[in-house]
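# Structure assessment
Each chain is listed here by its residues.
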Protein chains: 2
Amino acid sequence: MANIREIAKRAGVSVSTVSRVLNGYPYVKEEKRRAVWDVIHQLNYKKNINAVHLSKGRTNIIGVMLPTINHPYFSMIVEGISEEALRYGYHLLFFQTNYDIHKEQEALEMLRVKQIDGLIICSHTIRLETIASYTNDGPIVLCEDTSEPHLFSVYIDHYHAFALGMDYLIKKGHCKIGYCLSRPTSINSQKRKAAYKDALQSIHAPIRPDWMFHHCLHMSDGKRIASTILSLEEKPTALLVASDQVAAGIVLWGKTYGLHVPNDLAIVSFDNHPISEALHITTIELPLSLIGKKAFQMIYDYFTNDKTQPTKEKLPVRLIERASV
Amino acid sequence: MANIREIAKRAGVSVSTVSRVLNGYPYVKEEKRRAVWDVIHQLNYKKNINAVHLSKGRTNIIGVMLPTINHPYFSMIVEGISEEALRYGYHLLFFQTNYDIHKEQEALEMLRVKQIDGLIICSHTIRLETIASYTNDGPIVLCEDTSEPHLFSVYIDHYHAFALGMDYLIKKGHCKIGYCLSRPTSINSQKRKAAYKDALQSIHAPIRPDWMFHHCLHMSDGKRIASTILSLEEKPTALLVASDQVAAGIVLWGKTYGLHVPNDLAIVSFDNHPISEALHITTIELPLSLIGKKAFQMIYDYFTNDKTQPTKEKLPVRLIERASV
DNA sequence: GTGAAAGCGCTAACAG
DNA sequence: CTGTTAGCGCTTTCAC
């Protein structure tokens, strides 16, 4: 395998001249430049990127930490990241953690060993302080609202988004409202819960734990919820569902079981994935692809424009009225 | 940032001893081993992985080439790859190509520049010969049936799978059968088309181009198909749909437009994603996660067990009867 | 058991 | 404009 020394020798120049040609730097006589290119093409030479990485101390690879790639919520964020990354010549390394703390830690370690230049955390279980302890090793962007001063953050105001959904349901006459969330301990869920409780309190409605469903992420969870609700003696009349996938599961399996949306149960969902449109589900659109884009940009600006001071950015949502309420 | 020399100096040993300790090699006196570990912990030292990569000429990173990550078909394959990769300490680098030939070529180039040790191609537009020309740079696994001798291949027998669906529809009394495929030029589509035509010929049914729909990949394509079929003067009575997502789009939008499955239109779909179960769609299950696993294993065996001779493996499917026929 | 030293292939500071 | 050279940090062979 040819290397830069070989090229230099054959072209009758020094390695640094070859390096200049390779990297498009100025100050190389046209004649030599051509000679170098000739040899390069002749030998079908390519740089060894690992040598570049070692020498530069950078890889142009960004890590992406997520529980699973096989879910529209995350794959839409990833699509946003990916789009921007490609534009700027960065690559993406994925860490599918399944919320396993050890795997999450491994992803963070990749920052330390310089496998990646920066890390985007779509969702996590590991403690915030642990994450923050890696900030010396590179920029870390969190896709949630955090006050941790060392972390970049791009997020949706989930309190506001949930409040928006609650208001809508209340205005439509509902007061027996339940919810479906994913992991109850996540920051996003905490904010949503707060909005939920505040809204119920404002109309003096009681908080019913049996109407609060957790660990809802997939369509199959919607199946579970539909049958659970049917078995309830006192049922909620409306549900705020934190994921279109889950909402779709409730609508479809509800139909199979005899629980009809919106007559038996009104639903306001989140995400605005294609499935919500196909099922005419009223949903609150989350700018997931945009989150990905912004997250990448923060890392890009860190390196390219020296914006090393962690920033936080909040993204807007909008309610799309359809036929599930 | 501490390096191996620093550790050696502080522990009073040579760098090679440190390297032996770091990599768990034998023949190091227990006393020195401990001394080295002490310094390592004290300095919170970690290897620079790029130096390892350069030195070893390997990265333990496998590339994954796919058009988009935001589709269940691909994210299920990826999940399979990812699961195996994690088990063996490999990382994954994603190349989202959107079927752009230049991006596909870039992914292949990553093999040449030694960014990745091997490449798994989930789907591609670029010519097979072009792909094959990179086999000297590392193992390449294709997720389709190919006779190209230099490529590994793990695939579903799409001819057989489509024939299975056709037989089923024919046995159920259908002879006016159409299909939905994604890119008509792909090898997978070619096989499916062949099975389709052979089945129609076997019952002496004419081949109707207006019942053959292409570029169907997402739920929104199902919407398009549903409305197109409604506008047809002579309609097919059944459809073989190469993706659950598209089938779901047809069922759901069909309902909205007044085209009812299975009464107006029978559907046999492919994949067996959760949505097909929720919609009671008869589908042919494809072992997508298994494809990913096998693909990774081939690359792993290449390096670990010296299985450098390209192999091909065919994976089975099964039909799941539900209520869409 | 242990260490010296020669790479791995490229970058970039510096001298000219 | 151009070349020399000292890294980047780790692995691995070989001699002792």
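From a predicted model like this one, the values you see are computed outputs, not experimental measurements. Throughout, a residue's number is its position along its own chain's written sequence, starting from 1. Lettering of chains starts at A and numbering of ligands starts at 1, both following the order in which they are written. For a predicted model such as this one, the threshold for reporting local features is a pLDDT of at least 70, and the threshold for listing and counting side-chain atom pairs is 80 or more; totals across whole chains, interfaces and linings nevertheless cover every residue. No hydrogens and no water enter the side-chain calculation; it runs on all heavy atoms of the structure.

### Quick notes on the sheet that holds strand S1 (residues 61–66) of chain A
Rules: Should DSSP find at least two bridges between two strands, the strands are regarded as paired. Here a helix means four or more residues in a row that DSSP labels H or I, a strand means two or more in a row labelled E, and each is numbered from the N terminus. Fitting a line to C-alpha atoms yields each axis, with helices limited to the stretch in contact; the angle taken between N-to-C directions then spans 0 to 180 degrees.
Taken together, twelve strands build an open sheet; the order of strands is S11(A)-S5(A)-S4(A)-S3(A)-S1(A)-S2(A)-S2(B)-S1(B)-S3(B)-S4(B)-S5(B)-S11(B) and the sheet is mixed. Here the strands that pair on one side only, and so sit at the sheet edges, are strand S11 (312–315) of chain A together with strand S11 (312–315) of chain B. The sheet shows a mean angle of 20° between the axes of neighbouring strands, direction not considered. In this sheet, S11(A) lies alongside strand S5 (residues 152–156) of chain A in parallel orientation, the contact comprising four bridges. Each bridged residue has a counterpart across the sheet, and for Ser153(A) the counterpart in S11(A) is Lys312(A).

### Here we look at the interface of chain A and chain B
Short version of the rule: Contacts between residues were defined by any pair of non-hydrogen atoms, one from each residue, lying within 4.5 Å. Defined here as a combined quantity, buried area equals the accessible surface (1.4 Å probe) lost by two parts on assembly, summed across both. Salt bridge criterion: a side-chain nitrogen from Lys or Arg within 4 Å of a carboxyl oxygen from Asp or Glu. In protein, a polar contact requires one atom able to donate a hydrogen and another able to accept it; more generally it is a pair of N or O atoms within 3.5 Å, and residues adjacent in sequence count only if both atoms are side-chain atoms. Classification used: nonpolar for Ala, Val, Leu, Ile, Met, Phe, Trp, Tyr, Cys and Pro, charged for Asp, Glu, Lys and Arg, polar for all others including Gly.
With 47 residues of chain A in contact, the opposing surface of chain B contributes 47 residues. Across the chain A/chain B interface, buried area totals approximately 4,300 Å², and carbon plus sulfur atoms make up 59% of it. At the boundary of chain A and chain B, one finds four salt bridges. For Glu109(A), the salt bridge is made with Lys46(B), and the minimal N-O distance between the two is 3.3 Å. Put simply, chain A and chain B have 19 residue pairs in polar contact (both at pLDDT 80 or more) between them. Within the residue set of the side of chain A that touches chain B, elements represented by two or more residues are helix H4 (49–56), helix H5 (72–87), strand S2 (91–96), helix H6 (101–112), helix H10 (219–231), helix H11 (244–257) and helix H12 (274–278) of chain A. A per-element tally of the side of chain A that touches chain B places H5(A) first, with seven residues. The residue makeup of the side of chain A that touches chain B, split by class, is 23 nonpolar, 14 polar and ten charged. Relative to strand S2 (residues 91–96) of chain B, S2(A) runs antiparallel, the two sharing three bridges. Paired with Leu92(A) across the two strands is Phe94(B), which belongs to S2(B).

### Description of the pairing of S2(B)
Residues and elements named next belong to chain B. Selection rule: Think of it in three bands: with a 1.4 Å probe and only protein chains considered, a residue is buried below 20% of the maximum accessible area for its type, exposed above 50%, and partly exposed in between.
Burial analysis of S2 places six of its six residues in the buried class, which makes it a mostly covered element. Burial along S2 is two-sided: His91, Leu93 and Phe95 and Leu92, Phe94 and Gln96, pointing in opposite directions, are all buried. Note: strand S1 (residues 61–66) against S2, six bridges, orientation parallel. Residue pairing in the sheet places Leu66 in a bridge with Gln96 of S2.

### As for the UniProt feature "domain: HTH lacI-type" (unreviewed entry) in chain A
Basically, it comes down to this: UniProt positions are given in the numbering used here, feature names are shortened, and annotations may be inferred rather than shown by experiment.
Under the local residue numbering, the UniProt record ascribes the feature "domain: HTH lacI-type" (unreviewed entry) to residues 2–56 of chain A. As a span, residues 2–56 of chain A carries 69% helix and 0% strand, and end to end its C-alpha atoms are 21 Å apart.

### Topic: the pairing of strand S3 (residues 118–121) of chain B
All names here are of chain B. Here S3 shows a buried face lined by Gly118 and Ile120 and a second buried face lined by Leu119 and Ile121. Pairing geometry for S1 and S3, over four bridges, is parallel. Considered in S3, the bridge of Met65 is made with Ile121. Strand direction decides the pairing type here: S3 and strand S4 (residues 140–142), joined by three bridges, are parallel. The residue bridging Ile121 from the neighbouring strand is Leu142, located in S4.

### Some remarks on helix H1 (residues 4–11) of chain B
All names here are of chain B. Note the following rule: Relevant arc is that of directions from the helix axis to the C-beta atoms, nothing else.
Residues of H1 that are buried include every one of Ile7, Ala8 and Ala11, and no others. Viewed along the axis of H1, the buried residues span an arc of 100°, placing them on a single side of the element. Structural note: H1 exposes Arg5 and Lys9 on the side pointing more than 90 degrees away from its buried face. Of the residues flanking the start of H1, the one acting as N-cap is Asn3, its side-chain oxygen 3.1 Å from the backbone nitrogen of Arg5. Gly12 sits one or two positions beyond H1 and adopts a positive phi of about 70°.

### Remarks on the relation of the copies chain A and chain B
These two copies of the chain differ by a rotation about an axis and a displacement along the same axis. Rules: Superposition of the copies used a least-squares fit over C-alpha atoms from residues whose pLDDT is at least 70 in both.
Rotating chain A by 180° and translating it 0.0 Å along the rotation axis places it on chain B, where the RMSD comes to 0.1 Å. Put plainly, the chains are arranged around a two-fold axis. Residue Leu93(A) of chain A places its C-alpha closer to the rotation axis than any other residue of that unit, at 2.4 Å. Counting the interface residues of chain A, we find that 100% of their copies in chain B are interface residues as well, pointing to one common contact surface.

### Side note on the environment of Leu252(A)
Within the fold, Leu252(A) resides in helix H11. Overall, the relative accessible area of 4% leaves Leu252(A) in the buried class. Contacts of Leu252(A), omitting those with residues within four sequence positions, involve Leu279(A), Leu252(B), Ala278(B) and Leu279(B).

### Quick word on the pattern of salt bridges
Once the charged atoms of two side chains with opposite charge are near each other, the side chains can pair. All names here are of chain A. Taken as a whole and assessed by the stated rule, the structure comprises 36 salt bridges over all chains. Of the charged contacts in the structure, one is a salt bridge between Glu129 and Arg127, with a shortest N-O distance of 2.5 Å. Two residues, Asp221 and Arg224, come together in a salt bridge whose shortest N-O distance is 2.9 Å. Taken as a pair, Asp221 and Arg224 lie in helix H10 at a separation of three residues, close to a single helical turn.

### Looking at the protein's contact with DNA strand D
Note the following rule: The cutoff for a nearby residue is simple: one of its non-hydrogen atoms must lie within 4 Å of the molecule or strand.
Among the 26 residues in the neighbourhood of DNA strand D, the closest are listed as Arg20(A), Lys29(A), Ile4(B), Tyr45(B) and Ser55(B). Here, DNA strand D places atoms within 4 Å of the protein, and 60% of those atoms are sugar or phosphate. A distance of 2.3 Å separates a phosphate oxygen of DNA strand D from a polar atom in the side chain of Tyr45(B). Note that a phosphate oxygen of DNA strand D is positioned 3.2 Å from one of the side-chain N or O atoms of Lys47(B). Among the elements that take part in the surface near DNA strand D, helix H2 (residues 15–22) of chain A stands out by supplying four residues, more than any other.

### Topic: the packing of H2(A) against helix H3 (residues 30–43) of chain A
All names here are of chain A. Counted only if it meets this: Oblique is the label for any angle not covered by the other classes, which are roughly parallel (under 35 degrees), roughly antiparallel (over 145) and roughly perpendicular (65 to 115).
Where H2 contacts H3, the axes come no closer than 10 Å and their chain directions differ by 85°. Taken together, the axes of H2 and H3 are roughly perpendicular relative to one another. Judged by residue contacts, Val18, Val21 and Leu22 of H2 engage Arg33, Val36, Trp37 and Ile40 from H3. Per-class residue counts for the contact of H2 with H3 are six nonpolar, no polar and one charged.

### Here's the deal with the domain arrangement of chain A
Residue and element names in this part refer to chain A. Inclusion rule: Domain delimitation in this document rests on an assignment produced automatically or drawn from a domain database.
One can read the domain layout of chain A as domain 1 (4–47), domain 2 (58–157 + 288–316) and domain 3 (158–285). When each unit is reduced to the centre of its C-alpha atoms, the spacing between domain 2 and domain 3 is 29 Å. Of the residues lining the interface, 16 residues belong to domain 2; the matching set on domain 3 comes to 14 residues. For the pairing of domain 2 and domain 3, the buried interface totals around 1,300 Å² over both sides, and the portion due to carbon and sulfur atoms is 54%. Of all residues in domain 2, His71, Asp145 and Asp157 give up the largest surface area on contact with domain 3, accounting jointly for 38% of the area buried on that side. If you look at where domain 2 meets domain 3, you find one salt bridge. Notably, a salt bridge pairs Asp145 with Lys191, separated by 3.3 Å at the nearest N-O pair. For the interface between domain 2 and domain 3, the tally reads nine residue pairs in polar contact (both at pLDDT 80 or more). Counting residues per element, the side of domain 2 that touches domain 3 draws most heavily on H5, at three residues.

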